Structure formats: C-alpha cells, structure tokens
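# Breakdown of the fold
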Amino acid sequence: MAYVSTEIRRFQEVNSGLRIDFVDYEKSSYAAHMGFFKAAGVNFGKAPGQARGGVNYIPLTILKVSDIEREAADSYEQVGEVIERRSSDLAKMLTQKDSGEIVDVLTYSLREIMRNVVEHSGSEVLEFCAQYWPSRKKIEIAVLDSGMGIKSSLSNNPHLDLKSDRDAVHVALMPAISGKMFKGVRRRSGDAWQNSGFGLYMTSRIARNGGSFFLCSGRSGLLLHGKSKIDVQTSFSGTALRMVIQTERIDDLSASLKKYRDEGFELAKTYEDGRSIEPSIASTMLFRDFSKDVEVLQ
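How each quantity is defined
Residues numbered from 1 in each chain as written. Predicted model: local features only at pLDDT ≥ 70, side-chain atom pairs only at ≥ 80, totals over all residues. Heavy atoms only, no water. Helix = DSSP H or I, 4+ residues; strand = E, 2+ residues; numbered from the N terminus. Expected span 1.5 Å × (residues − 1). Buried < 20%, exposed > 50% of the residue type's maximum accessible area, 1.4 Å probe, protein only. Pairing = 2+ DSSP bridges. Axes fitted to C-alpha atoms, helices over the stretch in contact; angles between N-to-C directions. Contact = heavy atoms within 4.5 Å. 1 Å grid on protein atoms, 1.4 Å probe; cavity = no way out; pocket = protein on both sides within 12 Å on 5 of 7 lines; lining within 4 Å. Points joined across faces, edges and corners; volume = space filled by probe spheres on them. Salt bridge = Lys/Arg side-chain N within 4 Å of Asp/Glu carboxyl O.

We now examine unusual backbone geometry. The phi angle of most residues is negative, glycine excepted, and most peptide bonds adopt the trans form. In this structure, D24 is a non-glycine residue whose phi angle is positive, near 55°. Considering the arrangement of structural elements, one finds D24 in the loop between α1 (2-14) and α2 (29-34). One non-glycine residue, K137, lies in positive phi territory at about 55°. Here K137 is to be found in the loop between β2 (125-133) and β3 (138-145).

The following block contains the structure:
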C-alpha cells in the first residue's frame, strides 16, 4: 500500500493534465481505513495518519523529517533519541504491550530503519505502516522515502565503486557500509548515534531469522528470505523497505545483536581496502543498554 500509493501520487504530479479514474474500490475497507486511497489521491476512506492505530496495526502514516528535527532541537536531544521514543511508542501500539522481546525487536527495527531515512535519504518525509497478526505469529513493517536513493547516498564513500542500483542495494546490506562513515572519517568521541553502516545489516539479520527482508531503490530490489537472495527489477524514486518478522523465532535481542555485531565486524575486516569500521553503539544495542554505558562513560 505504501509503495503503490506513493507511485500513483508521483504519477499524478508528473502528469497533472491527465485524469485518473479509480473503479471498484468501495469494498476495500481495510485499505481505506489504513489511508491507502487518500494517500493515492482518491477521496475515499481515512487520510494517512488519521486512523489512530490500535489493536495490532499502524495505519499508513506520513511523517515530516523536519518535525523530528524540530522536536529534537526543542527538547535538547539528539535526533536518534526522538526516533527511539517514537519507535517505542509505535511498537507498544502495534503489540498492545508495554514490554517484552517483541516490543524490543520492533522498537530496535523501527529505530534503525527510520534513522536511515533521516540520516541518509535527504527525503522531506518518511512513510510507514505495519500490521501484527498474533495468531500467525507474524509482523510486517513497511517504510519508504522519496529521497535521493541508495546509490546516490553511498556515492559519498570514495571506497565504493557502484555501477548500478543493483550494486548499491546489495552493498548497502553489508556491515560497515555507509555514505557518511568510512575510512578517513574521524569518529566523534562519545557519540553513540554516529553512523557506522550497521543498521540495515542488523535489521536484515533479525528479519531473516524465519522471516524476510526486502529493500529496493531505483531500478533494483533484493528479497532476502532465509539463505535465498532474489533480485527484483523495480522502478522507484527513493528507497522502500519491508521486513517480515516471525515472532516465534525471536530470541533474546541483546544476545542476538551481540552475535550479529561480532559477525558483521569480522566480515568488515575482510574487505579489500582493509578498513574495519567499529560498529556504532546505537546500531548494535538496545537504547536502554547503551544509555547505561554512556552514563558510565560520562
């Protein structure tokens, strides 16, 4: 819904002289409630974000990046802390629980994906929606932006030679790959939120533990499911991401993050140019854990 409504809206903006008709949509109550039709330009159902969210769903929501940055400035916080708080609220709304491993996994995943949009995409907005099916033990999250795309974002890294969108999508899911943090860039001392290129790698590892992870940008997409990798031809101006989590496969998140971090760091050491970017605290730990570490350091 997020992907298709965005593409329809863009098509309308580019082809303002055309009249676009929608038919046979009146019985699509789920999509109407989630905000799909009004996001696509049809005066039917609820507007994006109008539905309050509730038992196991988050409606299609369009959030301005400037609002996140303004909230951080007004509260004298880092942007990452604002995103953490919003992610936690969304996770609790989706699961109807205040704590637990599922809440931790969702908070972490939403935080890292939303941070990626704010820090890298250059997009003015981020769009997201989610659904939790307790009986199926399944969670689905979709997040997308209308920014510069992965290839352009990674082009600032002089160590990467990306010929295509496919190259960029594949490389973006490797650990220690970033358009802002690479060999030669000085790490800011004590900054737990500084980017290190581990966010997408970590979230994809979480999803692939029984679920799936899909990422697309420009003309290429990649679906990860278990050990399989499937390339998909796309046409999307920006970046779209979907992750499916099987809740019955969720283990202790802190332990899983440590395992993925250690494996990712070892993999990063094998890259040809010899760089080995240390994983950032924010991308590899739960907020409550690295907050304690930062307090100790201070």
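Once the structure has been displayed, the description carries forward.
A few words on helix α5 (residues 79-95). The terminal C-alpha atoms of α5, which comprises 17 residues, lie 24 Å apart, in line with the 24 Å expected from a rise of 1.5 Å per residue. One or two positions beyond α5, positive phi appears at Q96, with a value near 60°.

Where burial is concerned, most of β2 is hidden: eight out of the nine residues are buried. Taken together, the six bridges between strand β1 (residues 57-64) and β2 define a ladder with antiparallel strand orientation. Looking across to β2, one finds that L63 is bridged to L126. In the sheet, β2 pairs with β3 via eight bridges, with the strands oriented antiparallel.

Another aspect to go through is the sheet that holds β1. If you walk across this open sheet you meet the five strands as β1-β2-β3-β5-β4, and the pairing is antiparallel. Only two strands of the sheet have a single partner each, and these edge strands are β1 and β4 (212-225). Mean inter-strand twist for the sheet, computed between neighbouring axes without regard to direction, equals 10°. Across the face of the sheet, helix α6 (residues 101-121) comes into contact with β1, β2, β3 and β5 (228-246) while running at roughly 10° to β3.

Glancing now at the side chain of T6. Among the secondary structure elements, T6 is positioned in helix α1. Residue contacts for T6: discarding those within four places in its chain leaves E127, L144 and F236.

Attention now moves to the layout of surface pockets. For the largest pocket, the calculated volume is near 340 Å³. Along its surface, the largest pocket is lined by 19 residues, and M1, A2, E140, A142 and R242 are the ones closest to its centre. Secondary-structure elements contributing two or more residues to the lining of the largest pocket are α1, α2, β2, β3 and β5. By residue number, the principal contributor to the lining of the largest pocket is β3, which donates five residues.

The next point concerns the environment of R136. With respect to the helices and strands, the residue R136 is situated in the loop between β2 and β3. When the C-alpha atoms of R136 and E248 are compared, they prove to be 9.4 Å apart, with 112 residues separating the residues in sequence.

Tallied over the full model, the rule gives 17 salt bridges. The residue E127 makes a salt bridge to R9 at a minimum N-O spacing of 2.7 Å. Taken as a pair, E127 in strand β2 and R9 in helix α1 lie far apart in primary sequence, 118 residues in all. Residue classification places E127 among the buried residues on the basis of a relative accessible area of 3%. Owing to a relative accessible area of 22%, R9 belongs among the partly exposed residues under this scheme. One network of salt bridges, with partners in common, ties together E84, R111, E112, R115 and E119.

With that out of the way, let us pick up the environment of E124. As for its position among the elements, E124 is in the loop between α6 and β2. In this structure the C-alpha to C-alpha distance between E124 and S66, which are 58 residues apart in sequence, comes to 7.1 Å. Once you skip the residues sitting within four places of it in the chain, E124 turns out to touch L63, K64, V65 and S66.

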